[in-house]
Amino acid sequence: MFDKRAWIRLPRNVVVGHGVLSETAAAVGELHLGGTPLVVTSPTPKELAAESVAEQFDGAPVVTVDEASFSEVERVMDEVEDSEASFLVGVGGGKVIDIAKMASDELDMGFVSVPTAASHDGIVSGRGSVPEGDTRHSVAAEPPLVVVADTGIIADAPWRLTTAGCADIISNYTAVKDWELAHRLKNVEYSEYAGALSRMTAEMLVDNADSIRPGLEESAWLVVKALVSSGVAMSIAGSSRPASGAEHLISHQLDRIAPGTALHGHQVGVASVVTEYLHSGDMGRWQNVHDALAAIGAPTNAEELGHSAEDFVEAMTTAHEIRDRYTILGNGVSEEAAIEAATVTGVI
Ligand SMILES: NC(=O)C1=CN([C@@H]2O[C@H](COP(=O)(O)OP(=O)(O)OC[C@H]3O[C@@H](n4cnc5c(N)ncnc54)[C@H](O)[C@@H]3O)[C@@H](O)[C@H]2O)C=CC1
Ligand SMILES: O=C(CO)COP(=O)(O)O
Ligand SMILES: [Zn+2]
């Protein structure tokens, strides 16, 4: 009997380009959500974009958040109740977008994503990530109904945020390899379509690496389009598998061991060099990942991330424990093997 089912949730309007911030209300208006939003932001994005977004909705209330935590999600939910808002607009980096996404998911109301930085693919995906206890990885959430990515604003964001977004996309290569491996070894459901889209997204970014340079709005355009495409791959898969393998597990562990040391995208990029080595050994493929990161100016080793060699090795040897996600780390790599892989690739 044929028993496959898919429920693919995607954003309705994705608006990308120069000055599109001013089209936020129009892009939302098409969806007939009704009522007034609560705008969720943080200090810098507030001045850059959130105040202007609030004006477009007739002076909608604005709440400023400080950190990605469930207490902040609850504070936003309380503000929704006080202001009687009927949907949420997140304006800022990944933390703000996640808080607004998780609050709207809890309240079962619409969510609009207005990223001011192209730092990772969570800005467009149906995945939310707020640290809870020991959990650092994303969980399923409603994707944004509307994404408004103004390349003028994103091009002016600190360059490291853009290189982090690029590295998050480059890590899709190893994520797909891990997914294929889990399919072969553990019969994990695999989507050819989502896998191919994710890999192609990484390829297109790497092929255009020469045009990804600070201050160029073209770069913001390329990276945002890649992040959208990666988010769509996750929606098709119904999980973060196409964009998250062993390299993400290692990054989540680093976030636990040494929180706040480096950006998500930068960590997964460096970890991806090592996991590519674990996949393909001395065939030079890890060098391709390393070179792609170097070409866009992202970190290529633990020191550049600000992590010690000991912490990186600890993350590698414990990463398999944090989630039910089979990868090249299998049931765990030994300390000796971790040191060997990280040393050969120049990561430590
Ligand atoms: N939902 C998901 O699937 C995923 C979620 N995450 C989560 O996202 C968070 C990290 O997000 P990031 O964006 O890397 O960091 P972030 O949200 O902390 O942003 C970094 C800093 O850049 C500032 N910023 C943003 N746009 C700016 C602009 N245009 N100009 C000047 N400053 C600007 C922010 O205010 C913040 O201070 C973590 O909590 C991580 O767990 C990470 C990956 C995937
Ligand atoms: O960052 C992500 C994809 O790039 C989400 O992955 P996780 O589910 O591992 O948090
Ligand atoms: Zn990621």
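Computed from a prediction, not measured in an experiment: that's the story for all the values here.

Draft legend 1. Representation of the UniProt feature "binding site: substrate" (unreviewed entry) in the protein chain. Within the UniProt annotation, "binding site: substrate" (unreviewed entry) is assigned to Asp121, Asp168 and His252. With respect to the element layout, aspartate 121 can be found in the loop between β5 (110-115) and β6 (127-128). You can call aspartate 121 buried: its relative accessible area is 7%. The residues touching aspartate 121, leaving out its near neighbours within four places in the chain, are Asp168, Leu227, Ser230, Met234 and Ala243. Relative to the elements of secondary structure, histidine 252 occurs in helix α10 (residues 246-257). A relative accessible area of 8% means that histidine 252 is categorised as buried. Beyond its immediate chain neighbours, meaning those up to four positions away, histidine 252 contacts Arg136, His137, His264, Ile322 and Arg323.

Draft legend 2. The arrangement of the side chain of histidine 307 in detail. Assignment of secondary structure puts histidine 307 in the loop between α13 (302-305) and α14 (309-318). Residue classification places histidine 307 among the buried residues on the basis of a relative accessible area of 5%. A polar side-chain atom of histidine 307 sits 2.8 Å from a polar atom in the side chain of glutamine 267. Non-local contacts of histidine 307, meaning those with residues more than four positions away in its chain, are made with Leu254, Ala258, Thr261, Ala262, Gln267 and Ala302.

Draft legend 3. Main features of the site of ligand 1. Neighbouring residues of ligand 1: 24 residues in total, closest Gly94, Lys95, Asp98, Thr116 and Ser119. At 2.9 Å from a nitrogen atom of ligand 1 is found a main-chain nitrogen or oxygen belonging to arginine 127. Between serine 129 and ligand 1, the recorded distance is 3.3 Å, taken from a side-chain N or O atom to an oxygen atom. Elements with a minimum of two residues in the shell around ligand 1: α2 (43-56), α4 (94-107) and β6. Of the residues contributing to the shell around ligand 1, the split by class is eight nonpolar, 13 polar and three charged. Counting contributing residues per domain, the shell around ligand 1 is built from domain 1 (13-155) and domain 2 (159-344), each supplying no fewer than three.

Draft legend 4. Just the pattern of salt bridges, in detail. Taken as a whole and judged by the stated rule, the model has four salt bridges. With its nearest N and O atoms 3.2 Å apart, the salt bridge here joins glutamate 142 to arginine 9. Taken as a pair, glutamate 142 in the loop between β7 (139-140) and β8 (146-150) and arginine 9 in the segment before β1 (13-17) lie far apart in primary sequence, 133 residues in all. The exposure class of glutamate 142 is partly exposed, given its relative accessible area of 34%. The class of arginine 9 is partly exposed, set by a relative accessible area of 37%. Of the charged contacts, one joins arginine 75 and glutamate 72 as a salt bridge, the two residues approaching to 2.8 Å between their closest N and O atoms. Here the residue arginine 75 and the residue glutamate 72 both occupy positions in helix α3 (residues 70-83), the gap between them amounting to three residues, near one helical turn. Given a relative accessible area of 30%, arginine 75 falls into the partly exposed group. Among the residues examined, glutamate 72 registers a relative accessible area of 7% and is labelled buried.

Calculation criteria
- Residues numbered from 1 in each chain as written.
- Chains lettered and ligands numbered in written order.
- Predicted model: local features only at pLDDT ≥ 70, side-chain atom pairs only at ≥ 80, totals over all residues.
- Heavy atoms only, no water.
- UniProt positions renumbered as here; feature names shortened; annotations may be inferred.
- Helix = DSSP H or I, 4+ residues; strand = E, 2+ residues; numbered from the N terminus.
- Buried < 20%, exposed > 50% of the residue type's maximum accessible area, 1.4 Å probe, protein only.
- Contact = heavy atoms within 4.5 Å.
- Polar contact = N/O pair within 3.5 Å; in protein donor to acceptor, adjacent residues only side chain to side chain.
- Near = heavy atom within 4 Å.
- Nonpolar A, V, L, I, M, F, W, Y, C, P; charged D, E, K, R; others polar.
- Domains from an automatic or database assignment.
- Salt bridge = Lys/Arg side-chain N within 4 Å of Asp/Glu carboxyl O.

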